[in-house]
Structure formats: structure tokens, C-alpha cells
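Observations on the model geometry
Residues per chain are reported as follows:
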Amino acid sequence: MQENQKLGYGQIQKQVQKLAMTQQMQQSIQLLRYSSEDLVSFLKQKELDNPFIFIKDSFTYTGEISGIKNSQSSIQQFEFNSDIKKQSLYNYLIAQIKLTMRKTDLRSWVIYLAGQVDQNGYLKIDFDELIKRTKVEKVVLLDALTLLQQLDPPGVGARSLQECLLLQIQDAKDVPQKTYEVVQKKFDYLIEHDWKKITEELNITLEETREIFEFIRKLSASPGGSFNQESTTYVYPDIIVTRHAENSEFSIKATKRSNPTVHFKKEYYDKLKNNDDQAVANFLKEKKKDFQELVRDIEQRNQTVVKVAQIIVEQQRTFFETGNGPLKPLLLRDVAQKLDMHESTVSRAVNGKYLRCDYGVFELKGFLRRPISSKNNNISVEIIKEYIRKFIADEDLKKPFSDVKLCEKLREVQITVSRRAINKYREEMGIGSSIERKKKYEMFNKKDEK
């Protein structure tokens, strides 16, 4: 026996602990990562998957929508420079329109409607109001809508989830028989997964109904979701920051779009609850649990984003009081420590989330600023960049400051950085070297002399 153990044989018991990432944990992490637009798309898909979930359509707002033109605010620290790696949905639609349609009044209306399509691919517009305001003939508008809805991606330009699915079915191949009819005429039954009513009223088998449903599940509830937003776009803030005049304190709350109410169809659930079929009972149990987890995860997402925003407002109070920089150094680690959270949680909470205050709409992560060094008393890189901008703006264009000279100018205000760091910050701001700036000045002067 001892010999066997020496050679590595024998039975050995080991206790191994593993942390399994449950589906519920994955959903919780997923929701926190989502922007408000991604959350809307996710919930629309949930309504399709769970017949007992109903989310009130509170996704179209005017008061909480804020335009960002060229994404630049009154302080230069908040420049949202979109690095667009893919084509935006709007540009993709316009390219198709210009390639396939001649210049006519009708094409102009197609272009106009394309501009009203949201980033999920839906057309949110009141036709009656538009006709009243512009005096356009209804037939022209409907023709323009038809042309828009024929563009790629399938489903674009839909005014509802039902219309979105119908457009995709029209464009698809190998569509099960009566699929279009189910979505067009029995949409309520489809949403509620009432297979019995569908089979009876359309005279099809249960197997055919399941085949239709499986096909529909593969369709997209958000045809524009795979496209990037444009640099000039509209964002929906997740957080509203309000300053109270009576005590100068701030209140931070989530917007309705960021914290939607999920309803449970209890009456429909109770009708099926008395069914003796074990498969039905398991289905009901699973879907009710799914609803409860969704409500809990949305609430947790909301609480986390609000808590992070509260720390940001507290640390950057000067900005929220005056609307002006400079911002204090603030790292993900700092926020995580204050909230006793993991840095990755804070990172998900700020990514793609926006807040609205008295001075505009800003991305949460824009308030995070890294410190430059301890010898500069933890001054942020952004403050140093502001000084560099100011020095260069005030320089003699005939003798622009070199990076060495900028180092000296910064030392005069008790900021010590290397010439190499100056070079790096200057390039990050898109400012040329002293030689390049001088050449540009001389070139303009030569033009003026001519």
C-alpha cells in the first residue's frame, strides 16, 4: 500500500471550491453594463421571451432627451470624441437612399424619415402632426415610409414591434407557413404564448405553432442595434442631478428610462396556474422566477448607478455648483473604495451612462480624472492640459513655445512635469509642435501678403 502511494496510486479525497457564474449573476452584470438604449432593447426582447412580462412603453421621451452637437460642452474637459469604427445606422440608410433613388421630392421625404429613426431602428414620429405642420400629402408620406422600410437592415423604419417583425418576415427566406398571419392577426396571443388559441383560430397543429414561434424568436427586436451611434446624436440621461436653491444640496435620481417598471400579468398567470400538466407548472414556475430576477436586477442596476453618481457629485462638487472646471483627480479605484465595490462594477456603472445637470448632459466616466504625480499635489492631467492650452493660446506666433519652454512656464505655477510628458499631452490635444505652429503661421502670412 505504501509502495503504491509512493508511485502515485491510491484514493485521495480533495475538496475543491468553485464559484459558478449563475445565469442570474450573468444577467445582473449584463444589465449594469447596458446603456439606457441597450436596456430598452433587452427589455423588448424579454417581452417576447416571457408571456407574463409587460413593460409599459415609457421609452419615448422629450423632456429627458438631450442633444449633443459635435459633443462639446462649455468646458473642454468634456469633449466626447466618438471613435466610430463602424458606420452609423443613419449614414448607412442615407448611402442606400442616394444609391437607389433619384433626386425627387419623395427622396427628400425618405431622407427626412431616415433622420427620425432611433438607434434601435424604430421610427418614432406622429404622422398626423407632421402632415398638419408641413402640409405634405399623406400619400407622399406613406410612399416615403414604404421606401424607407424596404432598406437594409430588415425591420428598419418600423413604428412598433409588431410591424418590425412583419417587415423582417417579408424579407426572410424559408419562412414557416402562416408566420406572417400569426404576427399580423394573432399578435396578442403570440406575446402571451397562447398556443391553443393560435392553433384553433388558424387551424394549424401545435407543432406548426412551435415552429413559427421558434422562427420569430430568431428575428431581431432591435434592427439598428448592431450599428454605431453618430458623433452628433441624442443621448438619454440615466441620472438627473438637481440643485436645491434653499440649501444648495443636490438630489440624484434615476430617470424613468434608466429605471423602467416591469409588470407581471397576474390574471393571465392565475388562469394557467390550475393546470394539472406538470410541464405547464414547470413553465409557469420558470417564467415567474425570470420575472422576479429581472425586477431585482433592474433595481440593483439602478441603485449602483445612483450610488456611483452620488460619489461623483460629492467629489466634483465645484463643477456642479459653478458649471466650470477644473475637475479634481478621481479614479475608479477611489469610487470603488468609497462604495466598497469592485473596480469592475464601478467601470460597468459609468460606461455609456449619462447624467443631466444645470449645465448640460455629461458622460459619467468624463468625471473620472487621473492624478499626474504626488509632487504636483495630486493635480489632474486635465488641469495641466488646460494650462498648456492657455500658454499656447497666449504665445507669440512668431516665436512659439517649445516643449522645454512650456515645462518652464508650468514650473512658474508650481507644476513639475517632464518635456516628454508635455509632448504627449500636446499630441493628445491635437496641438502641433512649436516648429509646426510656426510654419502654419508663416504660411498664413504669405497668403495674406499675396
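Here is a short report on the structure shown in this document.

Cut-off values and rules
- Residues numbered from 1 in each chain as written.
- Predicted model: local features only at pLDDT ≥ 70, side-chain atom pairs only at ≥ 80, totals over all residues.
- Heavy atoms only, no water.
- Phe/Tyr/Trp six-rings, centres within 6.5 Å; stacked < 30°, edge-to-face > 60°.
- Buried < 20%, exposed > 50% of the residue type's maximum accessible area, 1.4 Å probe, protein only.
- Helix = DSSP H or I, 4+ residues; strand = E, 2+ residues; numbered from the N terminus.
- Lys NZ or Arg CZ within 6 Å of the ring centre and 35° of its normal.
- Axes fitted to C-alpha atoms, helices over the stretch in contact; angles between N-to-C directions.
- Parallel < 35°, antiparallel > 145°, perpendicular 65-115°, else oblique.
- Left-handed = near helix turned anticlockwise from the far one by under 90°.
- Contact = heavy atoms within 4.5 Å.
- Nonpolar A, V, L, I, M, F, W, Y, C, P; charged D, E, K, R; others polar.
- Pairing = 2+ DSSP bridges.
- Core = buried A, V, L, I, M, F, W, Y, C linked by side-chain atoms within 4.5 Å.
- Polar contact = N/O pair within 3.5 Å; in protein donor to acceptor, adjacent residues only side chain to side chain.

With that out of the way, let us pick up the packing of aromatic side chains. Aromatic rings considered in pairs are described by the distance between their centres and by the relative angle of their planes. One pass over the structure, following the stated rule, counts 16 aromatic pairs. A ring pair is formed by Phe-319 and Phe-320, whose centres lie 5.3 Å apart and whose planes are at 80°; its orientation type is edge-to-face. What makes Phe-319 buried here is its relative accessible area of 2%. Seen in terms of ring centroids, Phe-319 and Phe-362 are 5.3 Å apart; in terms of plane orientation they differ by 85°. Their pairing is edge-to-face. Here Phe-362 lies in strand β8 (residues 360-363) and Phe-319 lies in helix α15 (residues 317-322), a separation of 43 residues in the sequence. What makes Phe-362 buried here is its relative accessible area of 1%. Three or more aromatic residues joined by ring pairs make a cluster, and in this case those are Phe-52, Phe-264, Tyr-268, Tyr-269, Phe-283 and Phe-291. Just above the ring of Tyr-122 sits the side chain of Lys-44; from NZ or CZ to the centre is 3.9 Å.

Turning our eyes to something else, we now look at the packing of helix α18 (residues 381-393) against helix α19 (residues 403-412). A pair of packed helices is characterised by two quantities: the angle between their axes and the separation of those axes. Here α18 crosses α19 at 115°, and the two axes come no closer than 11 Å. Relative to α19, the element α18 is oriented roughly perpendicular. Crossing of α18 against α19: the hand is right-handed. Contacts from Ile-384, Tyr-387, Ile-388, Phe-391 and Ile-392 in α18 reach Leu-406, Lys-409 and Leu-410 in α19. A class-by-class count of the residues in the contact of α18 with α19 yields seven nonpolar, no polar and one charged.

This part is about the packing of helix α5 (residues 105-115) against helix α6 (residues 127-134). Between α5 and α6, the shortest axis-to-axis distance is 14 Å and the interhelical angle comes to 130°. Accordingly, the angle class assigned to the pair α5 and α6 is oblique. Considering only the axes of α5 and α6, their crossing is right-handed. Across the interface between the two elements, Trp-109, Tyr-112 and Leu-113 of α5 pack against Phe-127, Leu-130, Arg-133 and Thr-134 of α6. A class-by-class count of the residues in the contact of α5 with α6 yields five nonpolar, one polar and one charged.

Attention now moves to the environment of Lys-266. One can find Lys-266 in helix α13 (residues 266-273). Judged by its relative accessible area of 52%, Lys-266 falls in the exposed class. Sequence separation of Lys-266 and Lys-288 is 22 residues, and the distance between their C-alpha atoms is 9.7 Å.

Note on strand geometry: in a regular strand, side chains alternate between the two faces of the sheet. In terms of strand pairing, strand β4 (residues 239-243) meets strand β5 (residues 250-254) through five bridges, oriented antiparallel. Bridge pairing in β5 places Ile-240 opposite Lys-253. Here two bridges tie β4 to strand β7 (residues 354-357), and the two strands are oriented parallel to one another. If you follow Ile-239 over to β7, its bridge partner there is Leu-355.

Attention now goes to the nonpolar core. Counting 27 residues, the largest nonpolar core has Ile-239, Val-241, Ile-252, Ile-312, Phe-320, Leu-355 and Phe-367 as its most contacted members. Those elements giving two or more residues to this core turn out to be β4, β5, α14 (278-315), α15, α16 (332-339), α17 (343-350) and β7. Ranked by size, the runner-up nonpolar core spans 24 residues in total, among them Leu-161, Leu-166, Val-182 and Phe-213.

What follows is about the side chain of Asn-120. Among the structural elements, Asn-120 can be located in the loop between α5 and α6. A polar side-chain atom of Asn-120 sits 3.0 Å from a polar atom in the side chain of Ser-222. Setting aside chain neighbours within four positions, we find Asn-120 in contact with Glu-37, Val-40, Ser-41, Ser-222, Pro-223, Gly-224 and Gly-225.

Of note, the amide linkage connecting Asp-152 to Pro-153 takes the cis form, showing an omega dihedral of 5°. Residues other than glycine seldom take positive phi values, yet Lys-178 does so here, at roughly 70°. Position of Lys-178 among the secondary structure elements: in the loop between α8 (161-171) and α9 (179-185).

That's the geometry; what it means functionally is another story.
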